[in-house]
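Single-letter residue listing:
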Protein chains: 2
Amino acid sequence: MQYPEPIARLIASYMNLPGIGQKTATRLAFHTIDMKDEVVNEFAKSLLSVKRDLTFCSVCGNITEEDPCNICSDTTRDRSTILVVEEPKDVMALEKMREYRGLYHVLHGVLSPMEGTGPEDINIPSLIQRLHNDEVTEVILATNATTEGEATAMYLSRLIKPAGIKVTRLAHGLSVGSDIEYADEVTLLKAVEGRREL
Amino acid sequence: MQYPEPIARLIASYMNLPGIGQKTATRLAFHTIDMKDEVVNEFAKSLLSVKRDLTFCSVCGNITEEDPCNICSDTTRDRSTILVVEEPKDVMALEKMREYRGLYHVLHGVLSPMEGTGPEDINIPSLIQRLHNDEVTEVILATNATTEGEATAMYLSRLIKPAGIKVTRLAHGLSVGSDIEYADEVTLLKAVEGRREL
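Residues numbered from 1 in each chain as written. Chains lettered and ligands numbered in written order. Predicted model: local features only at pLDDT ≥ 70, side-chain atom pairs only at ≥ 80, totals over all residues. Heavy atoms only, no water.

Q: Would you take a moment to explain the overall build of chain A for this structure?
A: Looking only at helices and strands, chain A has seven helices and six strands in total. Ordering the α and β elements of chain A from the N terminus gives α-α-α-β-β-β-α-β-α-β-α-β-α. For a compact globule of 198 residues, the expected C-alpha radius of gyration is about 16 Å, and chain A comes in at 22 Å, more than 25% above that figure. Based on the C-alpha atoms only, the size of chain A along its principal axes is roughly 65 × 45 × 35 Å. Counting the 198 residues in chain A, one finds 40% classified as buried. For chain A, contacts bridging at least 24 residues in sequence account for 46% of all contacts bridging at least 6. Carbon together with sulfur atoms contributes 52% to the accessible area of chain A, which is approximately 11400 Å² in total. (Helix = DSSP H or I, 4+ residues; strand = E, 2+ residues; numbered from the N terminus. Rg over C-alpha atoms; globule rule 2.2 N^0.38 Å. Buried < 20%, exposed > 50% of the residue type's maximum accessible area, 1.4 Å probe, protein only. Contact = heavy atoms within 4.5 Å. Areas by Shrake-Rupley, 256 points an atom, 1.4 Å probe, with all protein chains shown as cover.)

Q: Would you explain the domain arrangement of chain A in this entry?
A: Interface size, as often reported, equals the accessible area lost upon joining of the parts. Domain boundaries in chain A define domain 1 (5-53) and domain 2 (63-197). Taken over C-alpha atoms, the centre of domain 1 of chain A sits 34 Å from the centre of domain 2 of chain A. (Domains from an automatic or database assignment.)

Q: How do you make sense of the pattern of salt bridges when you look at a structure like this?
A: Close approach of charged atoms allows side chains of opposite charge to pair. Applying the stated criterion across every chain yields a total of 13 salt bridges over all chains. Between E150(A) and R169(A) there is a salt bridge; the shortest N-O distance is 3.4 Å. Note that E150(A) is positioned in helix α6 (residues 147-160) and R169(A) in strand β6 (residues 166-169), a separation of 19 residues in sequence. Residue class for E150(A) comes out partly exposed when judged on its relative accessible area of 23%. The partner of E150(B) in a salt bridge is K190(B), and the shortest N-O contact between them spans 3.9 Å. Separated by 40 residues along the polypeptide, E150(B) in helix α6 (residues 147-160) and K190(B) in helix α7 (residues 185-193) bring together distant segments of the chain. With a relative accessible area of 30%, K190(B) lands in the partly exposed category. Look at the salt bridges and you will find they share partners, linking E150(A), R169(A) and K190(A) into a network. (Salt bridge = Lys/Arg side-chain N within 4 Å of Asp/Glu carboxyl O.)

Q: I'm lost on the interface of chain B and chain A in this one. Help?
A: Each partner contributes to the interface: chain B provides 48 residues, whereas chain A provides 48 residues. Both faces combined, the contact of chain B with chain A buries some 4900 Å², and carbon together with sulfur accounts for 70% of it. Across the contact surface, chain B and chain A share four salt bridges. The closest approach of N and O atoms between E42(B) and R9(A), which form a salt bridge, is 3.1 Å. Counting the contacts that link chain B with chain A gives eight residue pairs in polar contact (both at pLDDT 80 or more). Those elements that provide at least two residues to the side of chain B that touches chain A are α1 (5-15), α2 (22-34), α3 (37-52) and α4 (88-96) of chain B. Ranked by the residues each element gives to the side of chain B that touches chain A, the list is headed by α3(B), at 14 residues. Of the residues in the side of chain B that touches chain A, the class split is 25 nonpolar, nine polar and 14 charged. (Buried area = accessible area lost by both parts, 1.4 Å probe. Polar contact = N/O pair within 3.5 Å; in protein donor to acceptor, adjacent residues only side chain to side chain. Nonpolar A, V, L, I, M, F, W, Y, C, P; charged D, E, K, R; others polar.)

Q: Sorry, what's going on with the relation of the copies chain B and chain A here?
A: Put simply, the two copies of the chain differ by a rotation about an axis and a shift along that axis. You can overlay chain B on chain A at an RMSD of 0.0 Å; the transform is a turn of 180° with a shift of 0.0 Å along its axis. In symmetry terms, the pair is related by a two-fold rotation axis. Closest to the rotation axis within chain B is the C-alpha of A44(B), separated from it by 2.2 Å. The residues that chain B uses at the interface reappear at the interface of chain A in 100% of cases, marking a shared surface. (Least-squares fit on C-alpha atoms with pLDDT ≥ 70 in both.)

Q: Just checking my understanding: could you explain the packing of helix α5 (residues 124-133) of chain A against α6(A) for this structure?
A: Geometry of a packed helix pair, given as the angle between the helix axes and the separation of the axes. All names here are of chain A. Two numbers describe how α5 lies on α6: the axes approach to 12 Å, and their chain directions differ by 30°. Classified by the angle between their axes, α5 and α6 sit roughly parallel to one another. Once α5 is placed against α6, the crossing between them reads as right-handed. Each of I124, L127, I128 and L131 in α5 lies in contact with α6, whose residues at this interface are Y155, L156, L159 and I160. Counted by class, the contact of α5 with α6 contains eight nonpolar, no polar and no charged residues. (Axes fitted to C-alpha atoms, helices over the stretch in contact; angles between N-to-C directions. Parallel < 35°, antiparallel > 145°, perpendicular 65-115°, else oblique. Left-handed = near helix turned anticlockwise from the far one by under 90°.)

Q: I keep staring at the side chain of D90(B) and nothing clicks. Help me out?
A: Residues and elements named next belong to chain B. Positionally, D90 belongs in helix α4. One buried charged side chain, D90, makes no salt bridge at all; its nearest oppositely charged neighbour is K89, positioned 7.0 Å away. For D90, the side chain forms a polar contact with the main-chain nitrogen of E86, separated by 3.4 Å. (Lys, Arg positive; Asp, Glu negative; His and termini not counted.)

Q: Even after reading the chapter, I still don't get the sheet that holds strand β3 (residues 81-85) of chain B, so can you show me in this structure?
A: By definition, the strands of a sheet pair up through backbone hydrogen bonds, in either a parallel or an antiparallel sense. Residues and elements named next belong to chain B. Read across the sheet, four strands follow the order β4-β3-β5-β6 without closing on themselves; strand pairing throughout is parallel. Both edges of this open sheet fall to β4 (103-106) and β6 (166-169), since each of them pairs with a single strand only. Ignoring strand direction, the axes of neighbouring strands in this sheet form an average angle of 25°. Bridge count between β3 and strand β5 (residues 138-141): four bridges; the pairing is parallel. Bridge pairing in β5 places T81 opposite E138. The strands touched by α4 are β3 and β4; relative to β4, the strand with the most contacts, the crossing angle is about 155°. Taken strand by strand, α6 contacts β3, β5 and β6, and its axis lies near 170° from that of β6. (Pairing = 2+ DSSP bridges.)

Q: Where do I start with helix α2 (residues 22-34) of chain A in this structure?
A: For the α-helix, the turn length of 3.6 residues means that residues three or four positions removed from each other point alike. Its 13 residues give α2(A) an end-to-end C-alpha distance of 19 Å, which sits within 8% of 18 Å, the value for a rise of 1.5 Å per residue. Buried residues of α2(A): A25(A), T26(A), L28(A), A29(A), F30(A), T32(A) and I33(A), and no others. Lining the buried residues of α2(A) we find α1 (5-15) and α3 (37-52) of chain A together with α3, β2 (63-64) and α4 of chain B. (Expected span 1.5 Å × (residues − 1).)

What follows is the structure, given as structure tokens:
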């Protein structure tokens, strides 16, 4: 016996999510059948809403309900600093620390010659445009510490520095609370390189 | 900064699913934003459909699109045998082997004095009703090999046997392809108890 059509379709939908295979999708589908009507309705509505009500900020590329986003339109923020990240969720993570008061720029990806992603395929032209127009004095590169992230940071640095704008990179080193014993070699190397005088 | 309202709602919805916490829900929500419109629409539709288009078979309690379900209404099946399971997904699992040709009965739970689940709270009365009406000669108890599953099987056995109906239980033992080395004691005990002459 096949699963009834509605269950089979829901299993297929769950399998579109990352890290969810056939078995987990089946478990989730059967759990969905047992969930309250209101909860499932709300789930379906929130799925549609996230596609319909969200857009990308035309200034910084962040996900937002209104364009420009509430960070770009916040006049109390420091407009002389732009922090460049790969993805919108990086903005959310950085905003959680409630310390940074400058602006952001979301690249929506990284340079990757292997996958054919060049500067024009991610939000680099709009970043350069912003540097021309605005009173920016510092660009903080916060791409991830991966090969592509580092290469993208390097590329941006060479592109921006000649314009006389200060370019910085987030510090890499040991996580707060982590054991040296368990840190990987590259992190340790970065931690030694970036040591500070006490 | 909080997540924009639509993302926060979707994260909350994902967190209603079993085994999905804050971090996974957030990852799934951001992945949803990047998914194609059609895929998300189909996901939302299949969620609603699974609640709207599925019902429980009034005869056996299985999940079905039509009542009675296509197993109960299949006249080619052996109506003298009823296989009792805990949940609809157990029916799907058993049907996959394409060997059993009798009927099913889904209890939708097990007896559990700890949680106050008595015979009236699960589909036991409807099972007894079927035994009165139908030409049933054998009831196969396929509740899970847990404490509650075993207790439910024992309870049903004592209830049904006096009516002169044969009551059997699925064999417990080593999984096919498994190593004795890694089997737990209870499974090994069941395997020895249930040994067969070659």
